[in-house]
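Summary of structural features
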Amino acid sequence: MPEKNVAHTQWMKRAILLASLGKNTTSPNPKVGAVILDKNGNLISEGFHYRAGMPHAEAMAFNNLKKDPQGGSMYVNLEPCCHQGKTPPCVDKVISSGIREVFISIQDPDKRVSGKGIKLLKEAGIQVHLGLCEKESLELNNAFFYRNITKKAFGVFKWAMSIDGRIALENGKSKWITSEESRSLVHSFRAEFDAIIIGGNTLRKDNPILTTRGLKHPEPLRVIFTKSLDLPSKSNLWDCTQAKTIVIYDSSTANENYLKRIPKCVEIEKVSSDDPELISKILAKRGCNKVLWECGPRLATAAIKSNCIQEIITFIAPKILGGKSSMSPFGDLEFREMNEIIKLSDSQIRLIGNDICVKSALKN
Ligand SMILES: NC(=O)c1ccc[n+]([C@@H]2O[C@H](COP(=O)([O-])OP(=O)(O)OC[C@H]3O[C@@H](n4cnc5c(N)ncnc54)[C@H](OP(=O)(O)O)[C@@H]3O)[C@@H](O)[C@H]2O)c1
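In this report, we go over the structure that sits alongside the text. From a predicted model like this one, the values you see are computed outputs, not experimental measurements.

Definitions and limits used
- Residues numbered from 1 in each chain as written.
- Predicted model: local features only at pLDDT ≥ 70, side-chain atom pairs only at ≥ 80, totals over all residues.
- Heavy atoms only, no water.
- Near = heavy atom within 4 Å.
- Polar contact = N/O pair within 3.5 Å; in protein donor to acceptor, adjacent residues only side chain to side chain.
- Areas by Shrake-Rupley, 256 points an atom, 1.4 Å probe, with all protein chains shown as cover.
- Helix = DSSP H or I, 4+ residues; strand = E, 2+ residues; numbered from the N terminus.
- Buried < 20%, exposed > 50% of the residue type's maximum accessible area, 1.4 Å probe, protein only.
- Pairing = 2+ DSSP bridges.
- Axes fitted to C-alpha atoms, helices over the stretch in contact; angles between N-to-C directions.
- Contact = heavy atoms within 4.5 Å.
- Right-handed = clockwise from strand over helix to strand, strands pointing away.
- Salt bridge = Lys/Arg side-chain N within 4 Å of Asp/Glu carboxyl O.
- Patch = residues over 30% accessible without salt bridge, like charges linked within 9 Å, V, L, I, M, F, W, Y side chains within 5 Å.
- Parallel < 35°, antiparallel > 145°, perpendicular 65-115°, else oblique.
- Left-handed = near helix turned anticlockwise from the far one by under 90°.
- Nonpolar A, V, L, I, M, F, W, Y, C, P; charged D, E, K, R; others polar.

So, the site of the ligand
Within the structure, the ligand sits among 26 residues, and Thr202, Arg204, Asp206, Thr226 and Arg298 are positioned closest to it. Gly296 is positioned such that a nitrogen or oxygen atom in its backbone is 2.8 Å from an oxygen atom of the ligand. Contact with the protein chains covers 93% of the free accessible surface of the ligand, which is 910 Å². Listing elements by their share of the shell around the ligand, those giving two or more residues are strand E6 (154-162), helix H8 (200-206), strand E8 (221-226) and helix H10 (297-305). Sort the elements by how many residues they give to the shell around the ligand and H8 lands first, with six residues.

A short note on unusual backbone geometry
A cis geometry characterises the amide bond from Ser27 onward to Pro28, with omega recorded as 10°. Its location among the elements puts Pro28 in the loop between helix H1 (3-19) and strand E1 (33-37). Cis geometry marks the peptide bond from Lys175 to Trp176; its omega dihedral reads -5°. By the secondary structure assignment, Trp176 is in the loop between E6 and helix H7 (180-189). The phi dihedral of Leu210 falls on the positive side, at around 55°, and the residue is not glycine. Leu210 gets classed as buried once you look at its relative accessible area, which sits at 3%. Phi at Asp346 is positive, roughly 50°, even though this residue is not glycine. Locating Asp346 in the fold gives a position in strand E13 (residues 344-352).

Quick look at the sheet that holds E1
Spatially, five strands are ordered E2-E1-E3-E4-E5 in an open sheet, and the strand pairing comes out mixed. A single partner strand is all that each edge strand has here, and the edge strands are strand E2 (43-48) and strand E5 (127-130). On average, adjacent strands in this sheet sit at an angle of 15° to one another, irrespective of strand direction. Note that E1 and E2 share five bridges and pair antiparallel. Looking at the pairing, Val35 lines up with Glu46 of E2. The strands that helix H4 (residues 116-123) touches are strand E4 (101-104) and E5; relative to E5, the one it contacts most, it runs at about 150°.

Digging into the pairing of E5
Sheet topology note: the E4/E5 ladder contains four bridges and is parallel. The partner of Glu101 across the bridge, within E5, is Gln127. Note on the crossover from E4 through H4 to E5: the handedness is right-handed.

Examining the pattern of salt bridges
In this structure the tally under the stated criterion is 19 salt bridges. As a salt-bridge pair, Glu192 and Lys290 come within 3.0 Å of each other at their nearest N and O atoms. You can see Glu192 sitting in the loop between H7 and strand E7 (195-199) and its partner Lys290 sitting in strand E11 (residues 290-293), a full 98 residues away along the chain. A relative accessible area of 16% places Lys290 in the buried class. Beyond isolated ion pairs, a larger network of salt bridges with shared partners links Lys23, Glu192 and Lys290.

Here's the deal with a nonpolar patch on the surface
A cluster of nonpolar side chains, Phe335, Met338, Ile341, Ile342 and Leu344, forms an exposed patch at the surface whose accessible area comes to about 420 Å². Of note, Phe335 is situated in the loop between strand E12 (311-317) and E13. Assessed through its relative accessible area of 30%, Phe335 is described here as partly exposed.

Notes on the packing of helix H3 (residues 90-97) against H4
In contact at an axis separation of 10 Å, H3 and H4 are set at 15° when each is read in the N-to-C sense. Relative to H4, the element H3 is oriented roughly parallel. H3 and H4 meet at a crossing whose hand is right-handed. When H3 is examined against H4, the residues Val91, Val94 and Ile95 are found in contact with a partner set consisting of Gly117, Leu120 and Leu121. Taken together, the residues that form the contact of H3 with H4 break down as five nonpolar, one polar and no charged.

Here's what the structure looks like:
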């Protein structure tokens, strides 16, 4: 690769690294980083987007300028916006700055911007190069792209199981299958998510807390999906001082008399069926890019059947639970031939203390 191209790639990788600093905070917005060089190719500013409502990466980079950017260049991992949102359009700033060349990894899937930002830059006589480090940029913002394109939240299903593939004893007890190290890792990776979803039965059996234990502020939204509404009047999830909770119930089967058990601080939403896709769509509409399904096998089976799961994280503990009808992570997925089964890809394996953590992608 010619030296000049290597330098372009390195600057874009720096923009991507800056973008990743907004990892747990930018949602519903994408993670974006920007780098500005002067006309001699020296770094004169950089910035990243931290939170929705705060300056975009390009605006932050312009605010941090150490030198006149006239005749210089910019590297940004997403097409600069051209619409007035919570902050002014970035394209106007780029044009008025006198920057001559802009490198963009990827076009914004948001219809208000998609291609229009690039067109305006070109019309203003700026050279635009699209596609540098596209793969890395797509990876960084996969959930943002997924939500914008499908109008559903990017779903990750996480479970913990014993080495014999059980997620609970026959009586439903499952505390604790994995080690303390794995469980505290789960608290920290919850910070990547905008919402955590369980079914009514996990609430009744486990009474979970479902927070990052203060690692993220605000905490991810806690979502309970129930067909019956038969939820207990006492639950850790009813304590809304730690995190917000929403109960979504299927009005075609639920007994609405049970609503009185749920405290006023909990949001309630009704849907017309038990299709988990409805949850995914509701959460996407609320701006959730990435959601964590921490449910048991029945809701997980329904969620995977309706394409709500795009990634799987499995913790495997070196323990044996046994039991003829102990629960496994999924119920009947109705596969009758081996060519129908789900094949996972891009697996990454880590050792967490004595447990194994496998992260895999699901193509659907
Ligand atoms: N080891 C692990 O990683 C792990 C993780 C989570 C849970 N668990 C264990 O799993 C057990 C609970 O399993 P579960 O499968 O009953 O879990 P669940 O997470 O409670 O899911 C089932 C519940 O979801 C609600 N639901 C809404 N729409 C549904 C649909 N389309 N299909 C199925 N359910 C739907 C129903 O709630 P209503 O009954 O309120 O109507 C249903 O009972 C517990 O013993 C818990 O300890 C283990």
